[in-house]
Amino acid sequence: MLLLPSLSVIPINQSAWAGTFPGPNGQIAFSSDRDGNHEIYTMSEDGSDQTRLTEDDANDFDPSWSPDGEKIAFVSFRDGDNEIYSMDADDGSDVTMLTEHEANHLYPTWSPDGEKIAFSSNREGGENFEIYEMDADDGSDVTRLTEDDEDDREPDWGTNTSPPGDDDDDKNKHDDKKKHHDDNAKKKH
């Protein structure tokens, strides 16, 4: 069982280059279980224009905007494992499965150029999570970036706090208000 918050809203004070809020279109992507299970939605900064993008019997969560605002990467349990997918950000069409492995894949985050997605996975077996990256267009060229005996989770390419070239000293630090999944969330075996 994966424990998820009932509403994962990304903070309003992030730049237009943020991985999850806002996309260049000013929209916030979030996951909500208001319709019986977690689905991906977008809304305007003021909470208006809420649009459901996914509609599946499985939970869809962990939305992450591509830097150009055209795509949203997300996690879904629709094949029996937590896999990473991408879809068109405007209407949820063109859903593409990026990972296909009997393991959990979580926390997708786009590279600043939109070419790669970093994520956490236990694809090497067991419960230990490591950080990987893959090509954003089709999930190919998966590369393991960490290898240790402890969990490595929630990668962030720095696109979640500041636009490229920002001189702010804190541009690569997580925003204090950023919501994270509980590290103790586990998949039921």
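A brief report on the enclosed structure follows. Just so we're clear, the structure is a prediction, and the values are computed from it rather than from any experiment.

Some thoughts on the nonpolar core
Line of reasoning, step 1. Judged by nonpolar contacts, the single largest core of 14 residues is most densely connected at Ile 84, Leu 106, Ile 117 and Met 134.
Line of reasoning, step 2. Among the elements of the structure, strand 6 (71-76), strand 9 (105-110), strand 10 (116-121) and strand 11 (130-135) are those that each provide at least two residues to this core.
Line of reasoning, step 3. Of all the elements, strand 9 adds the most residues to this core, at 3 residues.
Line of reasoning, step 4. Ala 29, Phe 74, Tyr 85 and Ala 89 belong to the second largest nonpolar core, which has 9 residues in total.

Details of the environment of Gly 80
Line of reasoning, step 1. Mapped onto the elements of the fold, Gly 80 is located in the loop between strand 6 and strand 7 (83-88).
Line of reasoning, step 2. Residues Gly 80 and Ala 58, 22 residues apart in the sequence, show an inter-C-alpha distance of 8.6 Å.

Quick notes on the sheet that holds strand 8 (residues 96-97)
Line of reasoning, step 1. One open sheet accounts for 4 strands, arranged 5-6-7-8; its pairing is antiparallel. Whereas interior strands pair on both sides, the edge strands pair on one side only; in this sheet they are strand 5 (60-65) and strand 8.
Line of reasoning, step 2. Summarising the sheet, strand 7 and strand 8 pair through 2 bridges and their orientation is antiparallel. By the bridge assignment for strand 8, Tyr 85 is matched with Met 97.

Re unusual backbone geometry
Line of reasoning, step 1. Even without a glycine there, the phi angle at Asp 94 is positive, about 55 degrees.
Line of reasoning, step 2. Positionally, Asp 94 belongs in the loop between strand 7 and strand 8.
Line of reasoning, step 3. Of note in the backbone geometry, Glu 154 takes a positive phi value of approximately 55 degrees without being a glycine.
Line of reasoning, step 4. With respect to the element layout, Glu 154 can be found in the segment after strand 12 (143-144).

Some points on the pattern of salt bridges
Line of reasoning, step 1. Summed over all chains, the structure comprises 11 salt bridges.
Line of reasoning, step 2. For Lys 71, the salt bridge goes to Asp 88, with nearest N and O atoms at 2.8 Å. Residue Lys 71 is found in strand 6, and its partner Asp 88 is found in strand 7; the two are separated by 17 residues along the sequence.
Line of reasoning, step 3. Relative accessible area serves as the criterion here: at 19%, Asp 88 is assigned to the buried category.

Some details on the packing of aromatic side chains
Line of reasoning, step 1. On inspection of all chains with the given rule, the structure shows 3 aromatic pairs.
Line of reasoning, step 2. An angle of 20 degrees between the planes, with centres 5.6 Å apart, marks the rings of Phe 74 and Tyr 85 as stacked. Placement of Phe 74 in strand 6 and of Tyr 85 in strand 7 is noted, with a sequence separation of 11 residues between them. We note that Phe 74, like Tyr 85, is buried.
Line of reasoning, step 3. For the ring pair Phe 119 and Tyr 132, a centre distance of 5.6 Å and an interplane angle of 15 degrees mean the geometry is stacked. Remark: Tyr 132 occurs in strand 11 and Phe 119 occurs in strand 10; sequence separation between them is 13 residues. Across the pair, exposure class does not vary: Phe 119 and Tyr 132 are buried alike.
Line of reasoning, step 4. In this arrangement the basic side chain of Arg 123 is found over the ring face of Tyr 132, its NZ or CZ atom lying 5.7 Å from the centre.

Conventions and cut-offs
- Residues numbered from 1 in each chain as written.
- Predicted model: local features only at pLDDT ≥ 70, side-chain atom pairs only at ≥ 80, totals over all residues.
- Heavy atoms only, no water.
- Core = buried A, V, L, I, M, F, W, Y, C linked by side-chain atoms within 4.5 Å.
- Buried < 20%, exposed > 50% of the residue type's maximum accessible area, 1.4 Å probe, protein only.
- Helix = DSSP H or I, 4+ residues; strand = E, 2+ residues; numbered from the N terminus.
- Pairing = 2+ DSSP bridges.
- Salt bridge = Lys/Arg side-chain N within 4 Å of Asp/Glu carboxyl O.
- Phe/Tyr/Trp six-rings, centres within 6.5 Å; stacked < 30°, edge-to-face > 60°.
- Lys NZ or Arg CZ within 6 Å of the ring centre and 35° of its normal.

Scope: geometric values only; no functional claims are made or implied.
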